[in-house]
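# Commentary on secondary and tertiary structure
Next come the chains, spelled out residue by residue.
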Amino acid sequence: MRPDILNPLFAEISALKGIGAALARPLERLGLARAVDVAFHLPVAWVDRLIVDELDMSQSGRIVGTVLTPVDYKAGGGMRAPFRVHATDSRGNYVSLIYFGRNSGWPRKMLPLGEPKFVSGRLELYGQELQMVHPDHVLPLEEAGTLPEREPVYRLSEGLSNNRMRDFVGQALDRAPDLSEWIEPSLLAQRAWPGWRVALSDVHRAPDAAKARERLAYDEIFAGQLALMLVRASSRRRRGVPIHGDGHLRDALKLPFAPTGAQRRSIGEIEGDMAQATPMLRLLQGDVGSGKTLVALMALLNAVEAGKQGAMLAPTEILARQHFATLQKMLVGLPVTIAILTGREKGRARESTLMGLADGSIDILVGTHAIFQEAVQYKALALAVIDEQHRFGVAQRMMLAAKAERTPHLLVMTATPIPRTLTLTYYGEMDVSRLDEMPPGRQPIETRVLSAERVDEVIEALGRHIAAGGQAYWVCPLVEESELSDQTAAEVRAETLRMRFGDAVALVHGRMKGPEKDAVMDGFSRNLTKVLVATTVIEVGVDVPNATLMIIEGADRFGLAQLHQLRGRVGRGDKASICLLLRGNALSETSRARLALMRETNDGFRIAEEDLRLRGAGELLGTRQSGEAQLRLATPEHLADLIDSARDDARLLIERDGGLDSARGQAARACLYLFERDAAVGLLRSG
Ligand code: ADP
Ligand code: MG
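Keep in mind the model is a prediction, meaning the values are calculated, not measured. (Residues numbered from 1 in each chain as written. Chains lettered and ligands numbered in written order. Predicted model: local features only at pLDDT ≥ 70, side-chain atom pairs only at ≥ 80, totals over all residues. Heavy atoms only, no water.)

### Describing the packing of aromatic side chains
Threshold: Side-chain rings of Phe, Tyr and Trp (the six-membered ring for Trp) are treated as a pair once their centres are within 6.5 Å; stacked means planes under 30 degrees apart, edge-to-face means over 60, and tilted covers the remaining angles. Note on classification: 1.4 Å probe, protein chains only; a residue is buried when its accessible area is under 20% of the maximum for its type, exposed when over 50%, partly exposed between these limits. Should the NZ of a Lys or the CZ of an Arg lie within 6 Å of a ring centre and within 35 degrees of the ring normal, that charge is described as sitting over the ring.
Summed over all chains, the structure comprises 7 aromatic pairs. A centroid spacing of 5.8 Å and a plane angle of 65 degrees characterise the contact between Tyr99 and Trp106, whose relative ring orientation is edge-to-face. Tyr99 sits in the buried class, given a relative accessible area of 2%. One aromatic cluster is present, built from ring pairs that chain together Trp193, Tyr218 and Phe222. Above the plane of the ring of Phe10 lies Arg2, whose end atom (NZ or CZ) is 4.2 Å from the centre. The ring of Phe605 carries Arg434 above its face, with NZ or CZ at 4.0 Å from the centroid.

### Quick word on helix α9 (residues 261-274)
Rule in force here: Each helix is a run of DSSP H or I of at least 4 residues and each strand a run of E of at least 2, with the numbering of both proceeding from the N terminus. Working rule for helices: expected span equals 1.5 Å times residues minus one. In this description, one arc is meant: the one made by directions from the helix axis to the C-beta atoms.
An ideal rise of 1.5 Å per residue puts 20 Å on 14 residues; α9 measures up with 20 Å between its terminal C-alpha atoms. The set of residues buried in α9 consists of Ala262, Gln263, Ser266, Ile267, Ile270, Asp273 and Met274. Summarising the axial view, the buried residues of α9 lie within an arc of 130 degrees, below the 170-degree limit, and thus occupy one face.

### Details of the domain arrangement of the chain
Using the following cut-off: The domain limits used here are those given by an automatic or database domain assignment. Once two parts are brought into contact, the accessible area they lose, counted with a 1.4 Å probe and summed over both, makes up the buried area. The working definition used for a salt bridge is a side-chain nitrogen of Lys or Arg within 4 Å of a carboxyl oxygen of Asp or Glu. Under the grouping applied here, Gly and all other residues not named as nonpolar or charged are polar, the nonpolar ones being Ala, Val, Leu, Ile, Met, Phe, Trp, Tyr, Cys and Pro and the charged ones Asp, Glu, Lys and Arg.
The domain boundaries assigned to the chain delineate domain 1 (1-44 + 156-175), domain 2 (59-153), domain 3 (248-435) and domain 4 (446-601). The straight-line distance from the C-alpha centre of domain 3 to that of domain 4 is 29 Å. With both chains or domains summed, domain 3 and domain 4 bury close to 1,100 Å², and 63% of this area falls on carbon and sulfur atoms. Inspection of the region where domain 3 meets domain 4 yields 2 salt bridges. Here Asp518 and Arg321 are joined by a salt bridge, their closest N and O atoms 3.1 Å apart. For the side of domain 3 that touches domain 4, the per-class residue count stands at 6 nonpolar, 3 polar and 5 charged.

Structure (structure tokens):
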């Protein structure tokens, strides 16, 4: 339960004064649902107000505050013409105050003729005339001093003014309680950070409150790290099954290659974990093509050798089938039974798989989410391998734990290269193995960036590529699954290519039914189809070594990590590969830099680090998975600067006070609640 002291801050936003039905929508659009959200809605810019006695043209473009006396009204002619108030400053210079779309009652009331007022707004030059459109403030003279020279500017949505937002922020800050300090005293002193409540109000009051900003970022990062450590501690308290495979299956495996050093090291780390009675919680990071499948297979066989079962979860149907085929091939001649289960296995086939899992005759199961559904019972599940599944969070793990008497060992694999700071932020509860060495003999991929206007040349090149016996991917951007127009773009592209290349062209997209999709993928991997037009459904895993040309349309609309993943579909065989990135014409500086980086390097980890850097200081970090708390206050710079101390601090605190019972522990609990890590508090050992 959240401590009572935080309740005012966590009240619904409607509890703030002045929020009626009309503002509910614009606030919701900004993601502001409770007072705390408003308090954490940090300024994005600051207004410097120029307080002057006399207006002049040189001030045009600035926010200016001065005393004005209304001398005349001019009502608009038509419905849409604005209402104008002519006014003079203290020296008699003229300015027009302009009000659109409002009846004249309000300006007439606020600005009675002949009465001097303090007016502030953006001064503009219109022809030779000075004007202010919708002044920000109109105040009685005696209140002129209340207007700060610097004012925070907030992100707004239609129907919400900055003044209103400022007022709501003020109210939310009034609701912020004094909380006991959770930051380690020496760190606090060394960094010269203010207390939490002061920091929160400082960031809304002063543009140069770097210390306050930093402190809030630290609090958020600390809460995240503490939560992950609690998750880790709680899962380490679970009982798992120590696995000691005798190696008879792994030795019998006939590999056409020798494992890389990185593969051997990772396999060793996994075996070490699996031998323990505490369940493994390990992340295997390895770029596309680094050979994660072999590592997974070794772990699965370790379990099977010990008489247990293993399961491997893939994010999509296509990938599940591909993994199944790959593993089946590698296991030929070995006494290991492997099965597949997805939403598409129905009827008798499904029944028999379920039976085989329950009676233990199936050793390894590959599939999509279906494999951890309730109806699926395992005789002795000892290892779960999760491939490229970002949504596999704490809740999913609980489900998995319920699949066996003892918690299965867990290996999460990702080909999304994540910078170190983000790995700690999102996977900080896990041990990490990195496949940082590519299997030998990889062919280089040459990357070129082209304007989309040159698409005809690209199609010519594609023609030559096919004529020479090659295969190619053509990727069209898909912003959202639901965005029909993108699917249409892929359909249209497929049609234009078909006009030229006929049946050599096939299309695959996310809305296609399973069997249909499989048929297309099968045709491509058997080289019946030469060009696969696709939306990003081919993003992960798909492996067709003969495809050596990758064309990505609208490349500037993809994230760098995604581009890198897509590019990783080629360069898999023994021939050199080419990746063509087609870009739009109105590129931002950052997009330009990002595409240039893609051209320059093929190192996924470097791309990830640079991507994070290119996002720049202002940008906040997204989530690993929707529904899990995201960072709202910390920027990449904060993270780089603070995560190590936050991590050390959290670890120390838990070592000393695992139940968070001490005074500082209690304070830290409040910090967890503040950043909505309630679930982590729930994991605390009671007592
Ligand atoms: P990932 O899943 O990490 O993207 P895969 O496991 O699909 O990579 O491996 C990519 C390709 O490299 C596969 O064709 C695989 O057979 C091959 N491979 C894996 N390990 C090695 C190795 N040590 N030496 C040579 N080829 C390897
Ligand atoms: Mg893979």
